[in-house]
Amino acid sequence: IRGHENISQKPIAGRLELMRKTGGGNISPIFCLVPDKKGVLSRLTRYIAKNSAPRRVDIKATAGEGAFFREFADNSGVRHSICAVSNPPVISALIGCLKKSKVLIADGHHRYHTALKYRDEMRKARKNKPGAYDYVLTYICPMEDPGVVIMATHRVVKPAPGIIKKLRNTFTLK
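What you are looking at is a predicted structure, and each value in this text was computed from that prediction instead of being measured.

Okay, the nonpolar core next. Core analysis: the biggest nonpolar cluster contains twelve residues, these being Ile 30, Cys 32, Val 34, Leu 41, Leu 44, Ile 48, Val 90, Leu 94, Cys 97, Val 103, Ile 105 and Tyr 112. Within the residue set of this core, elements represented by two or more residues are β1 (30-34), α2 (40-50) and α4 (88-99). Beyond its immediate chain neighbours, meaning those up to four positions away, Cys 97 contacts Val 40 and Leu 41. Counting five residues, the second-largest nonpolar core is a separate cluster that includes Leu 16, Tyr 118, Met 122 and Tyr 133.

Strands sit in the order β4-β1-β5 across an open sheet of three strands; the sheet is mixed. The open sheet has two edge strands with one neighbour each: β4 (104-107) and β5 (138-142). Going from strand to strand, the sheet's axes swing by 35° on average, the running direction of each strand aside.

Summed over the entire model, instances satisfying the criterion amount to five salt bridges. Here Arg 119 and Asp 120 are joined by a salt bridge, their closest N and O atoms 2.7 Å apart. On the accessibility criterion, Asp 120 (41% relative accessible area) is partly exposed. Residues participating in the shared-partner salt-bridge network are Glu 17, Arg 20 and Glu 121.

For the chain, per-residue confidence averages 82 on the pLDDT scale, and residues scoring 70 or more make up 83% of the total. Per-residue pLDDT, averaged within each element of the chain, yields its smallest value for helix α3 (residues 59-62) (42) and its largest for helix α5 (residues 109-125) (95). Contacts for the low-pLDDT stretch residues 55-67, under 50 throughout, to residues beyond four places or in other chains number 13 contacts.

Cut-offs used in this document
- The residue count restarts for each chain, going from 1 along the sequence in the order it is written.
- Residue-level local features of this predicted model are given only where pLDDT is at least 70; pairs of side-chain atoms are given and counted only at 80 or more, and the full residue set underlies all totals for whole chains, interfaces and linings.
- Excluding hydrogens and water, the side-chain values take into account all heavy atoms of the structure.
- Definition of nonpolar core: a set of buried residues of the types Ala, Val, Leu, Ile, Met, Phe, Trp, Tyr and Cys, connected through side-chain atoms within 4.5 Å.
- Three labels apply to residues, based on accessible area from a 1.4 Å probe with only protein chains included: buried if under 20% of the type maximum, exposed if over 50%, partly exposed otherwise in between.
- Runs of E in the DSSP output that reach at least two residues are strands. Runs of H or I that reach at least four are helices, and both are numbered from the N terminus.
- Contact definition: two residues touch when any of their heavy atoms are within 4.5 Å.
- When DSSP locates at least two bridges between a pair of strands, those strands are taken to pair.
- Axes here refer to lines fitted to C-alpha atoms; in helices the fit is confined to the stretch in contact. Angles between the N-to-C directions go from 0 to 180 degrees.
- Between Lys or Arg on one side and Asp or Glu on the other, a salt bridge is scored when a side-chain nitrogen of the former is within 4 Å of a carboxyl oxygen of the latter.
- As a per-residue measure, pLDDT tells how confident the predictor is, with possible values from 0 to 100.

Listed below in structure tokens is the structure:
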């Protein structure tokens, strides 16, 4: 897994404290990209989607039922589908595809590093006994997918003294 962003410890400390208080709760996935020039991952995910049994449900009414497939709309009307993959040959194919890949974190560097710290704490406390803390929720997408569009994240920063003048020498500022 390759990150490409500098991280700071303050957000990690806050996220880690939240994970400790929620028993490892982590519902915000890390967004990763993987090369898929031959389309293997894309074909596997299409196969999984095609062979899942969709049932439209209200997520609030069915929380905790643990069904194979759930499809729902969020408060903005965006439709989401979640399905568990339990077919051993499909799981093996997914593992084989991803095992050879270099995974790039597109978004979620702090969540990833927080998950690693939490995992390390739990391994130490539980004498290296495997557990759910060995995993982190991750959304993996092929780099070549035509639907992948990553926009800039805009943050408000206080400009350093003199930076506006220096930027005007090179850029048109509005």
